[in-house]
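Chain residues, written in single-letter form:
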Amino acid sequence: MASEAKKETPSSPEKTLTGIKSNFIDSNTILVQRTLRAGQKIHFNGNVVILGDVNPGAEVVAAGNIIVMGNVRGVVHAGAEGDTQAVVMAFRLQPIQLRIANHITRSPDEEEMSGTYPEVAHIKDGVVTIEAFSTGGER
Amino acid sequence: MGEVIVVTSGKGGVGKTTTTANLGVGLAALGHKVALIDADIGLRNLDVLLGLENRIVYDLTDVTGGRCRLKQALIKDKHCEGLHLLPASQTKDKTAVNPEEMKKLCQDIAQEFEYVIVDCPAGIEQGFRNAIAGADKAIVVTTPEVAAVRDADRIIGLLEAAELRNPKLIINRFRYKMVQQKDMMSIEDIIDILAVDLLGVVPEDEQVVVSTNKGESVIQDERSRSGQAFRNIVRRIKGEAIPLMNLNQNGMLNKLRRIIGLK
Ligand SMILES: Nc1ncnc2c1ncn2[C@@H]1O[C@H](COP(=O)(O)OP(=O)(O)OP(=O)(O)O)[C@@H](O)[C@H]1O
Ligand SMILES: [Mg+2]
């Protein structure tokens with residue numbers, strides 16, 4: 001799948017998406033138009049946008065950012081080549097494990113009350129931090 | 001040309017064979033010509049469930065291997081007019097058949113029957129690929145457990161990859177009380193993850209085991225709750241819109257309690 005992706009023409013550098021400061025903002029992006037089910041994996045050397053869910057047992061590894069227009073319940077790894085500016089964004093973020101660059105977090109062992117609003121995970125002061133996603137302004 | 005439906009699950013022991021037998025009996029009881037194919041080669045048990053073990057002469061691999069004609073291998077059910085079984089071989093392994101042979105076999109059987117239901121083995125190996133090879137539609141069975149749902153999800157992904165889209169889901173061994181106590185996944189939790197159409201929910205029911213051991217099917221037991229659930233599923237397969245039955249076993253009791261002011 002990854003190899004079939006086409007190169008996107010980079011847009012102007014000052015028009016960045018809110019809060020995403022990753023180096024990959026204007027590089028390759030693939031659009032995955034389905035839910036990733038258990039046992040399915042996507043590895044991509046750029047950004048990954050998923051129009052669907054990432055189910056438990058599914059895995060997304062991206063050198064850039066990962067944006068999921070759905071639920072994340074599987075494993076996601078953004079900035080897999082070491083980009084600590086990479087982010088993971090989802091309508092609902094409840095991953096079993098979430099990695100950014102070489103930072104790893106896992107879901108709390110107890111049942112967690114997760115919000116039903118979009119969230120973004122990024123590295124803040126050296127730790128992976130999950131926050132409500134809001135447009136406009138710096139986090 | 002009949003419809004070939006495969007009953008599959010990923011995880012073992014969740015109720016594929018039980019479902020296949022009950023749907024077969026249920027459809028035949030409504031007057032349809034039904035053939036069941038036991039594709040769990042090497043581990044046959046559909047014949048045992050139907051109480052037909054002693055009538056097996058030829059099996060599936062004899063048909064695909066050209067050692068007998070299809071008609072010779074198909075066994076007539078003893079209770080149910082219109083129901084036939086193509087048994088699996090117990091002595092050979094999964095590699096005795098390949099997907100092309102299975103596809104041809106399903107097509108041949110579908111010439112003669114309105115419904116062909118294939119009982120799939122557990123797992124995602126060749127046995128699974130054989131079982132789905134000739135199917136037009138798929139039914140995925142799961143129990144309300146995290147591991148079973150995970151495997152069902154995996155299977156749905158593989159079915160989609162094999163162009164078997166929009167599989168229908170049966171949740172088996174559902175226990176209302178455990179879900180109430182949050183000890184088991186709810187129907188909503190399961191549908192939320194799997195995102196497929198629900199064909200029915202079959203409650204956990206001792207009668208399933210009781211009937212099985214007698215070589216009968218619980219769907220013929222008018223009073224059993226699991227039988228009712230299977231009867232509803234049969235009608236949904238036929239395209240009728242039947243609402244989910246009340247899964248709260250203590251429904252009567254609660255109503256009574258409410259009436260006498262205990263709740
Ligand atoms: N609704 C139910 N209530 C109680 N017991 C059930 C129910 N459904 C199935 N069972 C029991 O669960 C066991 C496994 O069922 P079954 O053999 O149909 O599963 P299977 O998915 O075909 O297993 P396998 O993967 O080994 O082929 C059997 O003993 C059966 O009687
Ligand atoms: Mg079985």
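Per chain, residues are indexed from 1 in the order of the written sequence. Following the order in which they are written, the chains are lettered starting with A and the ligands numbered starting with 1. pLDDT decides what is reported in this predicted model: residues at 70 or higher carry local features, side-chain atom pairs at 80 or more are listed and counted, and totals for whole chains, interfaces and linings draw on all residues regardless. As a rule here, side-chain values cover all heavy atoms of the structure and leave hydrogens and water aside.

### Let's talk about the overall build of chain A
- The helix count covers DSSP runs of H or I at least four residues long, the strand count covers runs of E at least two residues long, and both are numbered beginning at the N terminus. Each helix and strand counted, chain A has zero helices and eleven strands in total.
- In chain A, the order of α-helices and β-strands from amino to carboxyl end is β-β-β-β-β-β-β-β-β-β-β.
- The buried label applies to any residue whose accessible area, calculated with a 1.4 Å probe on protein chains only, is under 20% of its type's maximum; exposed applies above 50%, and partly exposed to all values in between. Within chain A, the proportion of its 139 residues that are buried is 45%.
- We call two residues contacting when some pair of their heavy atoms lies within 4.5 Å. Of the contacts made within chain A by residues no fewer than 6 positions apart, 22% connect residues no fewer than 24 positions apart.
- Throughout, the Shrake-Rupley method with a 1.4 Å probe supplies accessible areas, and for residues the shown protein chains are the sole cover considered. Entry remark: accessible area of chain A is about 7400 Å², with carbon and sulfur atoms responsible for 50%.

### Notes on the sheet that holds strand S8 (residues 97-100) of chain A
All names here are of chain A.
- Across the sheet, which stays open at both edges, the five strands sit in the order S2-S4-S6-S8-S9 with mixed pairing between neighbours. For this open sheet the edge positions go to strand S2 (41-44) and strand S9 (103-106), each flanked by a neighbour on one side alone. Pairs of neighbouring strands in the sheet enclose a mean axial angle of 5 degrees, with direction left out of account.
- Two strands form a pair only when DSSP identifies at least two bridges running between them. With four bridges connecting them, S2 and strand S4 (residues 59-62) associate as parallel partners. When the bridges of S4 are listed, Phe 44 appears paired with Ala 62. Geometry is summarised by axes, namely lines fitted to C-alpha atoms with helices restricted to the contacting stretch, and by angles between N-to-C directions that run from 0 to 180 degrees.

### What about the pattern of salt bridges?
- By definition, a salt bridge exists where a carboxyl oxygen of Asp or Glu is found within 4 Å of a side-chain nitrogen of Lys or Arg. With the rule as written, the count across this model stands at twelve salt bridges over all chains.
- Asp 192 of chain B is paired through a salt bridge with Arg 73 of chain A; the nearest N and O atoms lie 2.6 Å apart. Separated into two different chains, Asp 192 of chain B in helix H9 (residues 187-194) and Arg 73 of chain A in the loop between strand S5 (66-72) and strand S6 (75-78) make up a pair that spans both.
- Overall, Asp 192 of chain B belongs to the partly exposed group, its relative accessible area being 38%.
- In this structure Arg 73 of chain A comes out as buried when scored by relative accessible area, which is 10%.

### Quick look at the site of ligand 1
All names here are of chain B.
- Around ligand 1 there are 17 residues in total, and Gly 13, Lys 16, Thr 17, Thr 18 and Asn 172 lie nearest to it.
- Pairs of N or O atoms within 3.5 Å make up the polar contacts considered here, provided that, within protein, one atom can donate a hydrogen while the other can accept it, and that residues adjacent in sequence are counted only when both atoms are side-chain atoms. Lys 16 places a polar side-chain atom, nitrogen or oxygen, 2.8 Å from an oxygen atom of ligand 1.
- Side-chain polar atom of Arg 173 to an oxygen atom of ligand 1: 3.0 Å apart, as the coordinates give it.
- Protein chains bury 80% of the 640 Å² of accessible surface belonging to ligand 1 in isolation.
- Contributing elements (two or more residues each) for the shell around ligand 1: helix H1 (16-29), strand S7 (168-174), strand S8 (197-203) and helix H10 (206-213). One heavy atom within 4 Å of a molecule or strand makes the whole residue count as near it.

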